[in-house]
Each structure stands twice: as C-alpha cells, then as structure tokens.
Amino acid sequence: MPKINVLPKNISELIAAGEVVERPSAVIKELVENSVDAGATEITVEIKRGGITYMSVRDNGSGISREDTPTAFLRHATSKIKSASDLDSIGTLGFRGEALAAISAVSKTEIITRTKNSPIGTYFKVEGGMQSIPEDIGCDVGTLIVVKDIFYNTPARMKFLKKDVSEGNSVAAVIDRLALSHPEIAFKFIRDGKLCLATSGDNNLKNVIYSVLGRDFAASLLQVDSESDGITVKGFACKPVFCKQNRNGQFFFLNGRLVLSKTAAAALEQAYKNSAMVGRFPCCVLQIEMPFNMVDVNVHPAKTEVRFADERRVFGAIYYAVKNALEKGDTRPEIKTKPFNPYAPQKSEDYVQSTLNLEQTEPPKTAEVKYNFTLNQEKILPKMQSSQEVVYFNSNHEPEEIKPQVTTPETEVLEHEPIKFIGSVFNTYIVAQMGDAVYFIDKHAAHERLLFEELKTREQPVQNLLTPISVALTKEEYSVIINNADLISEKGFDIEDLGFGAVIVRAVPAILKNADIPLLVTEIAEELSKKSVLNIESIGDILHTAACKAAIKGGSQSSDLELKALAEKILKNNQIMYCPHGRPVAFKVTKKELEKQFGRLG
Ligand code: ADP
Ligand code: MG
C-alpha cells in the first residue's frame, strides 16, 4: 500500500467543492440563498454564457464586515450556527459554511460588500483558493459577488458542463423556484444582457406565480389555506382539468425552502383521486409551515430532500388542505366548442350552423317529406380589388393567401336605403332590415372592424389616461414589451418601464381609451412574441389586437342606440365584410328566401 497522506488544503478544498458546486446553477442557488439569509429585499442575478464565464448576485442585505469577509470564504465558516444543538432548529437556508469556500476554490471570485455600520465597503478577491488583501471600495449596503470562469482550474469538471443554453436554463429554473418561495423579495434575472424575470417583491404569491409560471396556470388556481395539527398549508393548486402529464408543475416549499418530498407529492395526488384523469398530475405551489423540529433538512448535500419526523401527519395535513380546496373551488367542467380557425377551409354551412342555427340538420324522417329546411343565406362577400389581396401570416410566419370560400355573387347595397333597426339577439347579433333583406350582424366583429379601419387609416389622436394604469406581466410579456417600446409608441401608446415585471401605461390611441388596458397590453405582448422578425406586419397585428380588445364583446349588454349606429355604419359601407380575423361581419336573409321557405312563392 502506498503511504497515507493528509491532502494539502487546496486539494481537499477542490474535492469538497465538487459536491457543492457541480454546475453554475448550484453556485447561483448558494449565492442567492445567502442573500435571502442576509435579509435582502432585492436580489439581482446576472449570468453570461449559461453562467460559465460570468455570474453575479447582488443584494441589499446585511453585508459582511471587513474583518469577517476573508473568514466567510473558509470551509465550515458560518454565522448561522454555533453548536450541534443549533442543528435541530435551522431557520436559515445555509448552515454548512461550505458554499463560499467551495465556489472560490474553483473560480475567480470577487466580493464587494458593506454593512450599514461601516462607512466604506470592502473589496476582496479569491482566485482558485488564493485570497487577496481586503481593500476599501465605495458601495451601497449589501453584497455583490461575481464569479468568473468556473472550473477554470479543474478542466475535468469543466468537461461535464453542458451547453451554455442548458446551463442557463438550469439557472433560470433555480431562480424561478427561489422567486416562488420568496414573494416578499424582488428578484431580477438577467441572462446574456436580457432581462428574463422580474418579480415585484410585493409579497403576493399570485403575482409571482403569474410572472414565473405564466397566465394559464395563474388562471386555473384554487386557493389552498388550512391549518391542522400544527402544520399550515397555504398556496395554490390547479383545477383538475389543468393537470399535467408530468410532475414539473409541483412546487412544495417547506418553511420557505423548496423541497422534494415524496410524501407531499403523494398527498397532493391522493387528493385529486377521482377528480383528475388517470395518468395526469396536479400542479401546485404550496407553502407548508411546521415547527423546525418536525423536519430533518440535513439529509442531502444539496438540501432539497427532506424527511419528516411524522410522515403520516404531514401527509394528512396536505391531503386535507388540498381536498378542501378542491371541494370548495372547482366548478363543473365546461364544454367548449372549437374556436374559429380562419385558416381552416370553411363551408358555407359552417357559418349557417354556427351563427344562425336555423338549419334543420336531422335528415327527413319519412319519405313523404321532399324538401328540407335549409335556408339559403347569401353571404355578403368581400369586394376585393386586385391590389387588395388578403394576406395572413400563418404560425410559421409564412404569408398565406386566403381565398374566399363562398362564391355567391355579391349583392349590391343601395347607398341610401333606409335601415330599420329591429333589435339584438343573444346579446351578440344585431338584427336590422334594409331594403328587401334582414341582416344579422355580429356586433363584436363589426365594431372590431370599424376600429381597425380607423386605427389603420388615420393619424390617431393620443389620449392621456387620467390615471395611468400599471400592468403586471409575465417575464416573456415584460421583455417583449420593453424591447419593442419604440414600435408600440409609434402607434400612440405611451408605455413606461416600471421595473420588476411591470409597466405603466400613460396614454393610448384615443379610440382605445375605454378598452381593458391590462388585457390589451398582454395581448399585444403575446402577438409580438409570436413573431420572429418584427416589421410593418407586426404593426398591423398590434392594430388587430388593439381593435379586438377595444371592441364591444359578443354576449355583453349594449344600448340600442349603440347597436343602431353600428348597424348603420356596417350596412352603409359595403366594403366592410369581414372582421380583421376574416370572420364575416354580417349575413342576410332575403325576403324572397323567407317567402320560399314559408311556401308563399309558387
Ligand atoms: P453558510 O451560508 O452555510 O453559512 P456560506 O459559505 O454560504 O455558508 O457563507 C458563509 C458566511 O458568509 C455566511 O454564514 C454569512 O455570514 C456570510 N455571507 C455569505 N453571503 C452573504 C451575503 N450575501 N450577505 C451577507 N452575508 C453573507
Ligand atoms: Mg450559504
């Protein structure tokens, strides 16, 4: 046997480092957890190339005093526990005193930090375990740690790193989780110069869920809030119809820390038994609070897996909390018809059935019945000049020409024929008579089209909003709005960056002043984010969206006066045939047709 050696410090440090910081996301997790432990209310994380060349975490927490700064980088140096008995009641995220030592052993690490009691900050550098002498530096209270060139001195580990994108995604996932577990902290995440996530720190979990998990999840939430056996379970779970094909949407936070727990997942899934489809998994963001001595967190070096002193008790608390929420909050699933797809080939019958529903679809029961009841509505067709081709962009951003599907010739509408407003049906369709025909007009499609025409043709007057409206956005929406501020402002919107995932809208094109502004802004963001290249076409899409959002809605109450005006405008302008999405604006049924159906014509 070779002689037994005690390894020199720098080598033992490198070995230990491998356990704590196997990849950039692990570094970020440790650094952000330190910021949380330091009482920060704002934390900004920045990475470049997936964190491989550059990572930084800045916080406004307590800072570290000049004399403690070099100590913080030693192994087993921690301010969080002093004795073995403290291990039974760990209230901080860190306690092992390993992270800074490990990180600085395998990278070029710099720290700038200041406590509130010290007039000047400290700059300190550790490169591959070699410490510099602390120096004075001017800075705010708090800490900034910059980690460059991770694994530059351990090429073997470097080889295990994945592509920049995967490492970056892993960091993003870590930030998502930390942001979700700390709605009271404003997080910012900047990746290769782009702001990817910003939370407001307003302590509203729902807002963080919206920023991190997106609108669909946020819209499907059931509130969970219960306490039993000294365990509180709070947060949100999804409605059963929103269950996913995997467990990626399950987030459990135990005393503020994201944890993995088979017990918690099993309790959640048990609660959905009989209401979710077999093979589907519920989503949740649940914050579980229990006395520290009921949990053993010191199980895994990455500290994500937990063991409970009494698994059954925890299972019961989660199960009943979720079951309760489900019983209280879920509604009967709705049956929804297929949304209209302007790109799918349409048959004229489709329109008749879906809007007018006058058609007898049952086949005649007896042989004696020789006729059927199909009304032959004449569709009002777009009057297209050759230069006015309707070009849409499909989901692959390739132009698609839509050919009109119906070939009935256009019916001339006389200029000054009187229009008799009859009323509206289903709060959606205006019924009016003009000349020898009855018209059914889709009030939303009609209004939308008129707004669109106005927005498109005129230099729009801008309306300053009396009260500017702030809008909270998801991270994608936020970045697309901020990155396209110029394009949007050209169309008369004054939108300003509020930071933390929110914008403030100060002015809109005057004709949109009554629109649902937050909805409008999120829709514009969605529209823009679908585009790979932004150009003149995108402006058209913004206008479509704006018109659509500002238009009166089908199914809503409208005054007769409003509807009458709308009918007049539509019927007097036979250029307006389709809404901006290509749906017909109106149908007509001629007097002759009615007479035919009622057997009045020979
Ligand atoms: P641990 O978090 O397990 O205590 P670390 O190596 O992560 O160990 O940190 C060592 C010590 O450095 C911490 O206990 C804390 O006192 C100090 N520290 C680290 N990061 C920060 C920070 N962002 N703000 C204030 N103090 C910090
Ligand atoms: Mg730590």
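Just above sits the structure.
Anyway, here's the lowdown on the structure attached to this text. (Residues numbered from 1 in each chain as written. Chains lettered and ligands numbered in written order. Predicted model: local features only at pLDDT ≥ 70, side-chain atom pairs only at ≥ 80, totals over all residues. Heavy atoms only, no water.)

## Let's talk about the sheet that holds strand 25 (residues 502–509)
Strand pairing within a sheet occurs via backbone hydrogen bonds; the two strands may be parallel or antiparallel. To keep it simple, the criterion reads: A pair of strands is labelled paired if DSSP reports no fewer than 2 bridges between them. Strands here are runs of E lasting at least two residues and helices are runs of H or I lasting at least four, both read from the DSSP assignment and numbered beginning at the N terminus. Axes, fitted as lines to C-alpha atoms, cover a helix only where it is in contact. Angles between the N-to-C directions of the axes lie from 0 to 180 degrees.
The three strands lie next to each other as 23-25-24, forming an open sheet whose pairing is antiparallel. Two strands lie at the open edges of the sheet, namely strand 23 (462–472) and strand 24 (494–499), each paired on one side alone. Looking at each pair of strands side by side, their axes are set apart by 15° on average, direction ignored. Judged from the five bridges that link them, strand 24 and strand 25 form a sheet pairing that is antiparallel.

## Re the environment of Asn 117
Among the secondary structure elements, Asn 117 is positioned in the loop between strand 3 (108–114) and strand 4 (121–127). Separated by 55 residues in the primary sequence, Asn 117 and Ser 62 place their C-alpha atoms 9.8 Å from one another.

## Observations concerning the pattern of salt bridges
Note the cut-off: The salt bridge criterion pairs a side-chain nitrogen of Lys or Arg with a carboxyl oxygen of Asp or Glu, the two atoms within 4 Å. Partly exposed describes any residue whose relative accessible area lies between the buried limit of under 20% and the exposed limit of over 50%, with all areas from a 1.4 Å probe on protein chains only and scaled to the type maximum.
Counting across every chain of the model gives eleven salt bridges. When the shortest N-O distance is used, the salt bridge between Glu 110 and Lys 148 registers 3.3 Å. Separated by 38 residues along the polypeptide, Glu 110 in strand 3 and Lys 148 in strand 7 (residues 142–148) bring together distant segments of the chain. In this structure Lys 148 comes out as partly exposed when scored by relative accessible area, which is 32%.

## Focus: the packing of helix 2 (residues 24–37) against helix 6 (residues 164–181)
As a reminder, the rule being used: Geometric relationships in this document are graded by angle, where less than 35 degrees denotes roughly parallel, more than 145 denotes roughly antiparallel, 65 to 115 denotes roughly perpendicular, and other angles denote oblique. The handedness criterion is simple: a crossing whose near helix is rotated anticlockwise from the far helix by less than a right angle is left-handed, and one whose near helix is rotated clockwise is right-handed. Note on definitions: a residue-residue contact is assigned when non-hydrogen atoms from the two residues lie within 4.5 Å. For this classification, the nonpolar set comprises Ala, Val, Leu, Ile, Met, Phe, Trp, Tyr, Cys and Pro, the charged set comprises Asp, Glu, Lys and Arg, and every other residue, Gly included, is treated as polar.
Remark: helix 2 packs on helix 6, axes separated minimally by 8 Å, with the N-to-C direction vectors making an angle of 25°. One finds that helix 2 runs roughly parallel with respect to helix 6. Between helix 2 and helix 6 lies a crossing of right-handed hand. Where helix 2 abuts helix 6, its residues Pro 24, Ser 25, Ile 28, Lys 29, Val 32 and Glu 33 lie against Glu 167, Ser 170, Val 171, Val 174, Ile 175 and Leu 178. Here the contact of helix 2 with helix 6 is composed, by residue class, of seven nonpolar, two polar and three charged.

## Topic: the sheet that holds strand 10 (residues 221–228)
Spatial ordering of the open sheet is given by 10-11-14-12-13, a layout of five strands whose pairing is mixed. Every interior strand has two partners, whereas the edge strands, strand 10 and strand 13 (257–259), have only one. For this sheet, the mean inter-axis angle between neighbouring strands, taken without regard to orientation, is 20°. In the sheet, strand 10 pairs with strand 11 (residues 231–238) via eight bridges, with the strands oriented antiparallel. Paired with Ser 226 across the two strands is Val 233, which belongs to strand 11. Across the face of the sheet, helix 6 comes into contact with strand 12 (250–254), strand 13 and strand 14 (284–289) while running at roughly 55° to strand 12. Strands in contact with helix 9 (residues 262–271) are strand 12 and strand 14; relative to strand 12, the strand with the most contacts, it is inclined by about 125°.

## Quick notes on the packing of aromatic side chains
Definition in use: Note on ring pairs: Phe, Tyr and Trp rings are taken, using the six-membered ring of Trp, and paired if centres are within 6.5 Å. Classes follow the plane angle, with under 30 degrees stacked, over 60 edge-to-face and the rest tilted.
Enumeration over the complete set of coordinates arrives at three aromatic pairs. Between Phe 73 and Phe 124, the aromatic rings sit 5.5 Å apart at their centres with planes inclined by 55°, giving tilted as the arrangement. Of the two residues, Phe 73 sits in the loop between helix 3 (69–72) and helix 4 (99–105) while Phe 124 sits in strand 4, which places them 51 residues apart along the sequence. In this pair, the class of Phe 73 matches that of Phe 124, namely buried. Between Phe 315 and Tyr 319 the ring centres are 6.3 Å apart and the planes differ by 15°, which places this aromatic pair in the stacked class. Of the two residues, Phe 315 and Tyr 319 are both situated in helix 10 (residues 311–329); the distance of four residues between them amounts to about one turn of the helix. For Phe 315, a relative accessible area of 29% gives the class partly exposed. Given the relative accessible area of 18%, Tyr 319 is considered buried. One aromatic cluster in this structure is built from Phe 315, Tyr 319 and Tyr 320.

## Some points on the pairing of strand 26 (residues 586–590)
Of all five residues in strand 26, five are buried; the element is thus mostly enclosed. Residue alternation in strand 26 divides its side chains into two sets, Ala 586, Lys 588 and Thr 590 and Phe 587 and Val 589, and both sets are buried. Summarising the sheet, strand 22 (residues 437–442) and strand 26 pair through five bridges and their orientation is antiparallel. Along strand 26, the bridge assignment pairs Ile 441 with Ala 586.

## Things to note about the side chain of Asn 255
Note the cut-off: Two N or O atoms count as a polar contact when they lie within 3.5 Å, although within protein this holds only if one can serve as hydrogen donor and the other as acceptor, and sequence-adjacent residues are included solely when both atoms are side-chain atoms.
Structurally, Asn 255 can be placed in the loop between strand 12 and strand 13. A polar atom in the side chain of Asn 255 sits 2.9 Å from the backbone nitrogen of Met 290. Apart from residues no more than four positions distant in its own chain, Asn 255 is found in contact with Ile 288, Glu 289, Met 290, Phe 292 and Val 295.

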